[in-house]
Amino acid sequence: MKVAEPLLEVKNIETYYGLIAGIRGVSLEVRGGSIVTILGANGAGKTTVLKTISGAMTPEKGSVCYAGKDITGRDPDRITRLGIAHVPEGREVFPFLSTEENLKMGAFTRKNSTVNLELDRIFEYFPLLREQRKLPAGFLSGGQQQMLAIGRALMLRPQLMLLDEPSLGLSPKLVHATAEIIKSINQDQGVTVLLVEQNAQMALEIAHFGYILENGRVVLEDSTSRLSKATDVQEFYLGKKASSVRGKRRWKQRKTWR
């Protein structure tokens with residue numbers, strides 16, 4: 001089977017918050033048609049990676065290439081128009097606009113004649129949003145707001161979707177539903193997904209490849225089938241060993257960053 005070419009290539013990026021390094025020499029790639037996940041604890045640099053890709057932050061070093069083009073440091077608007085949709089952590093819906101108006105905000109790059117067709121497609125994915133289409137988004141539940149945030153990004157018809165903690169704050173039932181939606185978007189719509197998650201169990205189940213970040217660096221990368229079997233991943237992310245090696249440096253002999 002022919003292996004897809006990388007749609008996204010991130011090479012040795014370093015991004016700072018003032019004088020503090022958020023990520024240090026991160027390199028990764030996302031092949032077209034795949035789901036790739038980035039795992040790590042709070043403060044590991046996961047969100048900073050997505051913000052650097054989407055143009056919300058500019059790296060001091062390194063490069064970001066999308067579909068063979070260098071997009072390093074471009075404005076977020078230009079990056080969005082290239083086909084990259086970023087669903088940020090916390091959903092960030094417009095609370096005083098209706099559900100339908102929120103969705104239409106995601107179609108700002110599209111012609112008006114196609115917006116209603118896109119709305120119908122989103123409502124097929126999320127029937128609950130159709131029922132609440134006239135309700136202000138601020139009145140939606142957390143799960144419904146997450147559906148709205150993903151639906152708004154899909155209105156762009158993106159080639160690549162960046163998802164930041166889509167399961168955050170959701171019940172186990174809604175986490176499962178969100179995972180199924182992400183798989184469906186990938187398989188049915190052909191959307192490539194870069195998924196940042198703290199719910200390692202969910203992420204490893206739906207993704208094809210994964211990277212683990214610690215202190216702003218990639219410390220482990222592999223197929224998710226192999227990562228899920230790795231002793232370190234099971235101990236620190238899947239909770240499969242009650243007696244952890246607390247106090248020892250994780251992956252001391254296995255760091256793989258460049």
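Keep in mind the model is a prediction, meaning the values are calculated, not measured. (Residues numbered from 1 in each chain as written. Predicted model: local features only at pLDDT ≥ 70, side-chain atom pairs only at ≥ 80, totals over all residues. Heavy atoms only, no water.)

## Brief notes about the sheet that holds strand 3 (residues 35–39)
How we decide: Between any two strands, at least two bridges found by DSSP are needed for them to pair. Here a helix means four or more residues in a row that DSSP labels H or I, a strand means two or more in a row labelled E, and each is numbered from the N terminus. Lines are fitted to the C-alpha atoms to define the axes, a helix being fitted only along its stretch in contact, and any angle between axes, read from their N-to-C directions, falls within 0 to 180 degrees.
Spatial strand order, 6-7-8-3-9-10: six strands in an open sheet with mixed pairing. A strand with exactly one partner marks an edge of an open sheet, and here the two such strands are strand 6 (84–87) and strand 10 (217–223). Going across the sheet, the axis of each strand differs from the next one's by a mean of 15°, ignoring polarity. As paired strands, strand 3 and strand 9 (residues 209–214) are joined by four bridges and run parallel to one another. Residue Thr37 lies in a different strand from strand 9, and its bridge partner there is Gly210.

## Some words on the pairing of strand 4 (residues 61–66)
Two faces belong to every sheet, and in a regular strand the side chains alternate between them. Sheet analysis places strand 1 (residues 6–17) next to strand 4, joined by five bridges and oriented antiparallel. Residue pairing for strand 4: Leu8 is matched across the bridge by Tyr66. Where strand 4 lies against strand 5 (residues 69–70), two bridges are found, and the strand directions are antiparallel. The residue of strand 5 that forms the bridge with Cys65 is Asp70. Turn length for the strand 4-strand 5 hairpin, with the two strands adjacent in sequence and antiparallel, is two residues, and the turn residue Ala67 shows positive phi of about 50°.

## Brief notes about the pattern of salt bridges
How we decide: We define a salt bridge as a contact between a side-chain nitrogen of Lys or Arg and a carboxyl oxygen of Asp or Glu at a distance within 4 Å. Buried residues are those whose accessible area, probed at 1.4 Å on protein chains only, stays under 20% of the maximum for their type, while exposed residues exceed 50% and partly exposed ones sit between those limits.
Per the stated rule, a full pass over the model turns up nine salt bridges. We note a salt bridge from Arg31 to Glu29, for which the minimum N-O separation is 3.0 Å. The class of Arg31 is partly exposed, set by a relative accessible area of 31%. One salt bridge connects Glu118 with Arg121, and the closest N-O pair in it is separated by 2.7 Å.

## Things to note about helix 6 (residues 142–154)
Going by this rule: Expected span of a helix, by definition, is 1.5 Å for each gap between consecutive residues, and there is one gap fewer than residues.
Helix length check: helix 6, at 13 residues, gives a terminal C-alpha distance of 19 Å against a target of 18 Å (1.5 Å per residue), a fit within 8%. Within helix 6 the residues assigned to the buried category are Gly143, Gln144, Gln145, Gln146, Met147, Leu148, Ala149, Ile150, Gly151, Arg152, Ala153 and Leu154.

## Quick word on the environment of Gln189
Selection rule: Pairs of residues are marked as contacts when any of their non-hydrogen atoms sit within 4.5 Å. Any N or O atom pair separated by 3.5 Å or less is treated as a polar contact, with the protein-specific requirement of one donor-capable and one acceptor-capable atom, and with residues adjacent in sequence counted only for side-chain atom pairs.
Turning to its location among the elements, Gln189 is positioned in helix 7 (residues 172–189). With a relative accessible area of 30%, Gln189 lands in the partly exposed category. Taking C-alpha positions, Gln189 is 9.7 Å from Leu154, a pair spaced 35 residues apart along the chain. Once residues within four sequence positions are removed from consideration, Gln189 is found in contact with Arg121, Tyr125, Arg157 and Ser184. There is a polar contact of 3.0 Å between the side chain of Gln189 and the side chain of Arg121.

## A word on the environment of Ala67
On the secondary structure map, Ala67 appears in the loop between strand 4 and strand 5. Residues Ala67 and Gln159 lie 92 residues apart in sequence; the distance between their C-alpha atoms is 9.8 Å.

## Observations regarding the sheet that holds strand 5
The strand order across the open sheet built from four strands is 2-1-4-5, with neighbouring strands paired in antiparallel fashion. The open sheet terminates on both sides in strands that have one partner only, identified here as strand 2 (20–31) and strand 5.

## A closer look at the packing of aromatic side chains
Worth spelling out the cut-off: Pairing of aromatic rings covers Phe, Tyr and the six-membered ring of Trp, with a centre-to-centre limit of 6.5 Å; geometry is then stacked below 30 degrees between planes, edge-to-face above 60, and tilted otherwise.
Throughout the structure, instances matching the rule amount to two aromatic pairs. Ring geometry for Tyr125 versus Phe126: centroids 6.1 Å apart, planes at 40°, classification tilted. Judged by its relative accessible area of 18%, Tyr125 is buried.

## Topic: empty space enclosed by the protein
Applicable threshold: Method remark: on a 1 Å grid restricted to protein atoms, a set of points is classed as a cavity if a 1.4 Å probe fits but cannot get out and as a pocket if it is open with protein on both sides within 12 Å along at least five of seven lines; lining residues have an atom within 4 Å of a point. Grid points are joined across faces, edges and corners, and a volume is the space filled by probe spheres set on the points. Here the nonpolar group is Ala, Val, Leu, Ile, Met, Phe, Trp, Tyr, Cys and Pro; Asp, Glu, Lys and Arg are the charged ones; every other residue, Gly included, is treated as polar.
Following the criterion strictly, the structure yields one cavity of 30 Å³ or more and no others. Taken as a whole, the largest cavity holds about 50 Å³ of empty space. If you go around the largest cavity, the residues you meet are Gly143, Gln146, Met147, Ile150, Leu170, Leu174, Ala177, Thr178 and Ile181. Classifying every residue of the lining of the largest cavity gives six nonpolar, three polar and no charged.

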